[in-house]
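A closer look at the structure
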Amino acid sequence: MSSLSTHPAPGSLPQGLLPREHGAYFQLGLPLATALFASRAPASALWLSGAALACLLAHEPLLLLLGHRGARRGERDGGRARGWGLLVGALGALCFAVGAASLPSEARPFLALPLILGGEVLLLAWNRQERSLSGEVLAALALGAWAVPVAMAGGVPAPTALTLWGTYGLSFGLATLAVRTVIASHRPRANRGQLRCTGAVLVAAVLTTAVVWALESGLHPLQVAALLPVGLVALGLCVALPSPRRLHAIGWTLGLAGTLTLVLLGVGLS
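Calculation criteria
- Residues numbered from 1 in each chain as written.
- Predicted model: local features only at pLDDT ≥ 70, side-chain atom pairs only at ≥ 80, totals over all residues.
- Heavy atoms only, no water.
- Patch = residues over 30% accessible without salt bridge, like charges linked within 9 Å, V, L, I, M, F, W, Y side chains within 5 Å.
- Areas by Shrake-Rupley, 256 points an atom, 1.4 Å probe, with all protein chains shown as cover.
- Salt bridge = Lys/Arg side-chain N within 4 Å of Asp/Glu carboxyl O.
- Helix = DSSP H or I, 4+ residues; strand = E, 2+ residues; numbered from the N terminus.
- Buried < 20%, exposed > 50% of the residue type's maximum accessible area, 1.4 Å probe, protein only.
- Polar contact = N/O pair within 3.5 Å; in protein donor to acceptor, adjacent residues only side chain to side chain.
- Contact = heavy atoms within 4.5 Å.
- Core = buried A, V, L, I, M, F, W, Y, C linked by side-chain atoms within 4.5 Å.
- Axes fitted to C-alpha atoms, helices over the stretch in contact; angles between N-to-C directions.
- Parallel < 35°, antiparallel > 145°, perpendicular 65-115°, else oblique.
- Left-handed = near helix turned anticlockwise from the far one by under 90°.
- Nonpolar A, V, L, I, M, F, W, Y, C, P; charged D, E, K, R; others polar.
- pLDDT = per-residue confidence, 0-100.
- Phe/Tyr/Trp six-rings, centres within 6.5 Å; stacked < 30°, edge-to-face > 60°.
- Lys NZ or Arg CZ within 6 Å of the ring centre and 35° of its normal.
- Expected span 1.5 Å × (residues − 1).

Examining a nonpolar patch on the surface
A cluster of nonpolar side chains, contributed by Leu260, Val263 and Val267, occupies part of the molecular surface with about 240 Å² of accessible area. Within the fold, valine 267 resides in helix H12 (residues 247–269). Residue classification places valine 267 among the partly exposed residues on the basis of a relative accessible area of 45%.

Following this line, the structure appears as structure tokens:
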């Protein structure tokens, strides 16, 4: 996590209002990049990608205006947050409208995926539950869901687009579980042995089930292999339980594993 500036530079509207959770950039960027590659990036896909980015950029000012960043920051930066939120909101609405209008008719119903999941994330944020395990997994699913209509914009079949989303959803879900297990294992009086066993068994069971399902579904071998990079790193984290002081390195390791997933999926879908 990067620290926030306590004295934003005058005239720098977005400073301190960009997403603080750096993993969110991977959770949106990797599925979108894969979908754009698979769809050959038609105009409608690019417009919808702009709408997705606007949703991510609106998250921090929304939390600030809801009071989740403290009363002091709300008083100091509330005006900037409203200005930045209105700007990215207007741009996002424009991108969404243009992208939806030019989207193939069979792909339009799938726009409901990111919208409904995004609405659920807003409800969790309103109730201060966005940092729970379910909240973090739901946020990752909501960000990744933009990849479905983006991929379909270029003619990718719905089952393939949903498989793309599911691969990243599974990967990010396992990564979230592993990181939370690492953090929990270093709390006072934590039962490290029980956490190690529970986390490792759960990750291994979910990953094995996903791989078996993918093989039985006849997916391309590279699409099956794309399930493994983040899942295996998550399994290793649950077994090793490294110090939370290494969370920055852990985050980058998961990001690199996600990038390998992008390569495998991209080649497998081409």
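Concerning the side chain of serine 171
The topology assignment puts serine 171 in helix H8 (residues 158–185). Polar contacts involving the side chain of serine 171 include one to the main-chain carbonyl oxygen of threonine 167, which spans 2.9 Å. Ignoring any residue separated from it by four or fewer positions in sequence, one finds serine 171 in contact with Ala226 and Val230.

So, the pattern of salt bridges
Applying the stated criterion to the full structure yields two salt bridges. Here arginine 131 makes a salt bridge to glutamate 136, at a shortest N to O gap of 3.7 Å. Judged by its relative accessible area of 48%, arginine 131 is partly exposed. By relative accessible area, which is 22% here, glutamate 136 ends up partly exposed. Here arginine 180 and glutamate 136 are joined by a salt bridge, their closest N and O atoms 3.6 Å apart.

Structural notes on the nonpolar core
In this structure, Leu28 and Val150 are the most contacted members of the largest nonpolar core, which totals 42 residues. Mapped onto this core, the elements with two or more residues apiece are helix H1 (23–39), helix H2 (43–57), helix H4 (71–101), helix H5 (112–126), helix H6 (133–144), helix H7 (147–152), H8 and H12. Of all the elements, H1 adds the most residues to this core, at seven residues. Once you skip the residues sitting within four places of it in the chain, valine 150 turns out to touch Leu32, Ala35, Leu36, Ser39, Ala45, Leu48 and Ser49.

Things to note about the packing of H8 against H12
Running from N to C, H8 and H12 point in directions that differ by 165°, and their axes come no closer than 11 Å. Taken together, the axis directions place H8 and H12 in an arrangement best described as roughly antiparallel. In the packing of H8 onto H12, the handedness of the crossing is right-handed. Of H12, the residues touching H8 (which contributes Thr160, Leu164, Thr167, Tyr168, Ala175, Val179 and Ile183) are Leu247, Ile250, Leu254, Gly258, Thr261, Leu262, Leu265 and Leu269. Broken down by class, the residue content of the contact of H8 with H12 amounts to eleven nonpolar, four polar and no charged.

Observations regarding unusual backbone geometry
With a phi close to 60°, arginine 128 is a non-glycine residue in the positive phi region. Mapped onto the fold, arginine 128 is located in the loop between H5 and H6. The class for arginine 128 is exposed, based on a relative accessible area of 54%. Phi angles above zero are rare outside glycine, and arginine 189 is one such case at about 65°. Judged by relative accessible area, which is 83%, arginine 189 ranks as exposed.

Points about the environment of glycine 70
By the element assignment, glycine 70 lies in the loop between helix H3 (59–65) and H4. Relative accessible area serves as the criterion here: at 28%, glycine 70 is assigned to the partly exposed category. Once the C-alpha coordinates of glycine 70 and arginine 189 are considered, the two residues, 119 residues apart in sequence, prove to be 30 Å apart.

Examining the confidence of the model for the chain
Scored by pLDDT, the chain has a mean of 88; 94% of the residues are at 70 or more. The low-confidence segment residues 1–11 (pLDDT under 50) makes 15 contacts with residues lying over four places distant or belonging to another chain.

Digging into the side chain of threonine 261
Following the sequence through the fold, threonine 261 ends up in helix H12. Apart from residues no more than four positions distant in its own chain, threonine 261 is found in contact with Thr167, Tyr168, Ala226, Pro229 and Val230.

Overview of the packing of aromatic side chains
The final tally for this structure, using the stated rule, is three aromatic pairs. Lying across the ring of phenylalanine 37, arginine 40 places its NZ or CZ 5.5 Å from the centre.

Details of helix H9 (residues 192–216)
Counted at 1.5 Å a residue, the expected span for H9 with its 25 residues is 36 Å, and the 36 Å between its end C-alpha atoms agrees. Restricting attention to buried positions, one finds in H9 the residues Gly199, Ala200, Val203, Leu207, Ala210, Val211 and Ala214. Tucked inside the fold, the buried residues of H9 contact H8, helix H10 (221–225) and helix H11 (228–240). Glycine 218 lies just past H9 and shows a positive phi near 75°.

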